[in-house]
Amino acid sequence: MRTATISRKTSETSVDVTVNLDGTGSYAISTGIGFFDHMLEQLSRHSLIDLEVRTVGDLHIDQHHTVEDTGLAIGAAIAEALGDKRGIRRYADALSPMDETLTRVAIDISGRPFLVWKTEFSQKRLGEMDTEMFEHWFHSFAQTAGVTLHVETLYGQNNHHIAEAAFKGLARALRQAVEIDPRKADAIPSTKGTL
């Protein structure tokens, strides 16, 4: 089974993450930020990646360190669980509709971290979460997961829907990209022979 556990401890946060890429989408999430928990639950459920996250951060300052370090730890856990990436599909994309919102997410498990973010919010907070932290989470995740990630809201107005469509789109693309391709289960999906 492709699993990993990451513990990230700093003077600002303590993050423990466990992932199972071949799971059923079960989750246990606690970050201290309710809306963020809800988004990570969507990520797990729709990717079928089992995800356990326990983050204790300096929320008395702001949400930056908690969101950033959680993204870094989840990305690192997924990268570790992927190992040498042998047999994965590598590329995937998803259109994620949520009522009036439509978001497109494309991913390449390339070993080359990069984020293109074309998503905007018309309010500063959702629940108690600062909306500027969504881009930062996706960036942190892409960095340590080693993925090229494009997220674009094609249209939408409701800020909750915009955020949730981005996480669900990532989930659905990630589900496909990490799957083992039965036609090439023993091969690294690159002409270089490594990712």
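See the structure shown above.
Parameters and conventions
Residues numbered from 1 in each chain as written. Predicted model: local features only at pLDDT ≥ 70, side-chain atom pairs only at ≥ 80, totals over all residues. Heavy atoms only, no water. Helix = DSSP H or I, 4+ residues; strand = E, 2+ residues; numbered from the N terminus. Rg over C-alpha atoms; globule rule 2.2 N^0.38 Å. Buried < 20%, exposed > 50% of the residue type's maximum accessible area, 1.4 Å probe, protein only. Contact = heavy atoms within 4.5 Å. Polar contact = N/O pair within 3.5 Å; in protein donor to acceptor, adjacent residues only side chain to side chain. Core = buried A, V, L, I, M, F, W, Y, C linked by side-chain atoms within 4.5 Å. Axes fitted to C-alpha atoms, helices over the stretch in contact; angles between N-to-C directions. Parallel < 35°, antiparallel > 145°, perpendicular 65-115°, else oblique. Left-handed = near helix turned anticlockwise from the far one by under 90°. Nonpolar A, V, L, I, M, F, W, Y, C, P; charged D, E, K, R; others polar.

Visitor: Give a description of the overall build of the chain that names residues and reports values.
Guide: When helices and strands are counted, the chain shows 4 helices and 10 strands. Put simply, the chain runs from its N terminus to its C terminus through helices and strands in the order β-β-β-α-β-α-β-β-β-β-β-α-β-α. The C-alpha radius of gyration of the chain comes to 16 Å, within 12% of the 16 Å expected for a compact globule of 195 residues. With the C-alpha coordinates aligned to their principal axes, the bounding extent of the chain is approximately 45 × 40 × 30 Å.

Visitor: Report on the environment of Thr13, specifying residues and quantitative values.
Guide: Mapped onto the elements of the fold, Thr13 is located in strand β2 (residues 13-20). Overall, Thr13 belongs to the buried group, its relative accessible area being 3%. As for Thr13 and Ala79, which are separated by 66 residues in sequence, their C-alpha atoms are 21 Å apart. Excluding residues that lie within four positions of it along the chain, Thr13 makes contacts with Arg8, Val56, Gly57, His65, Thr66 and Asp69. Only 2.5 Å separates the side chain of Thr13 from the side chain of Asp69, close enough to count as a polar contact.

Visitor: So what's going on with the nonpolar core? Which residues, and what values?
Guide: In this structure, Trp137, Phe138, Phe141 and Leu149 are the most contacted members of the largest nonpolar core, which totals 52 residues. The dominant element in this core, judged by the number of residues it contributes, is helix α4 (residues 159-178), at 9 residues.

Visitor: How would you sum up the packing of helix α1 (residues 34-47) against α4? Please name residues and give values.
Guide: Following both chains from N to C, one finds α1 and α4 inclined at 30°, their axes separated by 7 Å at the closest point. With respect to their mutual orientation, α1 and α4 come out roughly parallel. Note that α1 runs across α4; the crossing there is right-handed. Of the residues in α4, those in contact with Phe35, His38, Met39, Leu40, Gln42, Leu43, His46 and Ser47 of α1 are His160, Ala163, Glu164, Phe167, Lys168, Leu170, Ala171, Arg172 and Arg175. Residues that form the contact of α1 with α4 fall into these classes: 8 nonpolar, 5 polar and 4 charged.

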